[in-house]
Amino acid sequence: MIQFENVSKIYPNGVTGLKNIDVTIADGEFVSIIGLSGAGKSTFLRSINRLNEISEGNILINEVSISKASRKELRKIRRDIGMIFQQFNLVKRSTLQKNVLSGRLGYYGTLKSILGIFSKAEYQRVNDALEQVGLSDKLQERSDALSGGQQQRVSIARTLVQEAPIILADEPVASLDPITTKTILDNLQTINSQLGRTIIINLHSVDLARKYSSRIIGLRQGEIVFDGSPEEATDQVLTEIYGQDILKEKEDKPI
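Residues numbered from 1 in each chain as written. Predicted model: local features only at pLDDT ≥ 70, side-chain atom pairs only at ≥ 80, totals over all residues. Heavy atoms only, no water.

J.: So what exactly am I meant to see when it comes to the overall build of the protein here?
T.: Across its full length, the protein carries ten helices and ten strands. Once the C-alpha set of the protein is aligned to its principal axes, its extents read approximately 55 × 50 × 35 Å. Counted over contacts in the protein with a minimum sequence separation of 6, partners at least 24 positions apart contribute 68%. Surface summary for the protein: the accessible area is close to 12,700 Å², and the carbon and sulfur share equals 48%. (Helix = DSSP H or I, 4+ residues; strand = E, 2+ residues; numbered from the N terminus. Contact = heavy atoms within 4.5 Å. Areas by Shrake-Rupley, 256 points an atom, 1.4 Å probe, with all protein chains shown as cover.)

J.: Hey, could you run me through the pattern of salt bridges in this one?
T.: Think of it this way: side chains of opposite charge can pair up when their charged atoms draw near. Tallied over the full model, the rule gives twelve salt bridges. For Glu53, the salt bridge goes to Arg50, with nearest N and O atoms at 3.0 Å. In this structure Glu53 comes out as partly exposed when scored by relative accessible area, which is 41%. Because the salt bridges share partners, they merge into one network encompassing Arg104, Glu122, Arg125 and Glu163. (Salt bridge = Lys/Arg side-chain N within 4 Å of Asp/Glu carboxyl O. Buried < 20%, exposed > 50% of the residue type's maximum accessible area, 1.4 Å probe, protein only.)

J.: Sorry if this is basic, but what is going on with the sheet that holds strand E10 (residues 223–228) here?
T.: The strands making up a sheet associate through hydrogen bonds between their backbones, and the pairing can be parallel or antiparallel. As summarised here, the arrangement of the six strands in space is E6-E7-E8-E3-E9-E10, forming an open sheet in which the pairing is mixed. Of all strands in the sheet, those bounded by a partner on one side alone are strand E6 (81–84) and E10. When strand polarity is set aside, the average angle formed by the axes of neighbouring strands in this sheet is 15°. Summarising the sheet, strand E7 (residues 166–170) and strand E8 (residues 198–202) pair through five bridges and their orientation is parallel. Considered in E8, the bridge of Ile167 is made with Ile199. With respect to the sheet, helix H9 (residues 235–242) is in contact with strand E3 (30–34), strand E9 (215–220) and E10, its orientation differing from that of E9 by roughly 40°. (Pairing = 2+ DSSP bridges. Axes fitted to C-alpha atoms, helices over the stretch in contact; angles between N-to-C directions.)

What follows is the structure, given as structure tokens:
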């Protein structure tokens, strides 16, 4: 369970990233965060694993404060939070096997991590994860030999071997074509429904949020202006999140 308690974030230049956020996300939810660019979506997501430090309030992961955690405590909490980035964050010259294995580093000491000493069980986890995302035949290929969609599936496999109950995805399909986007989101939906992982994803597409989410949170200027089911995300609600132009864009779409 993830709890935001009166969370605000003010950047050094005075820009408000988040404002008085009070929200709870339960285990096993698939939550899409939507809103205009600059609405606070990435700030919200990156605050959960403390890639962004908040200015006020508290964030708890399973009733333990990540906002106040020491470095040692933070490392332990982060083992339970996987992260999928828009730009994949893979070591391009390394094999898929090595990139996916990096998801286990949080369970190893510094020396073993540097030396790359992993057990047979860890290598089997990698094989299983790559099979789940349809890349088991590319185990020893370099990551830079893959397409963008394949690289994103490698990053999903990395979170699978991490065995994190929470997976954060920051615009993971923003640079992908529609067919690859469907593949990535189908993978995440399967992980959510079959493995019970909590998925929190930033999306630009309202249609994708409606299709894949069990819950949608809309942000506008750092504040939550909508929190409900996909069915409740009506056109009226969307204007509160995006403004009147969203309806004009829908009218202009080709049939």
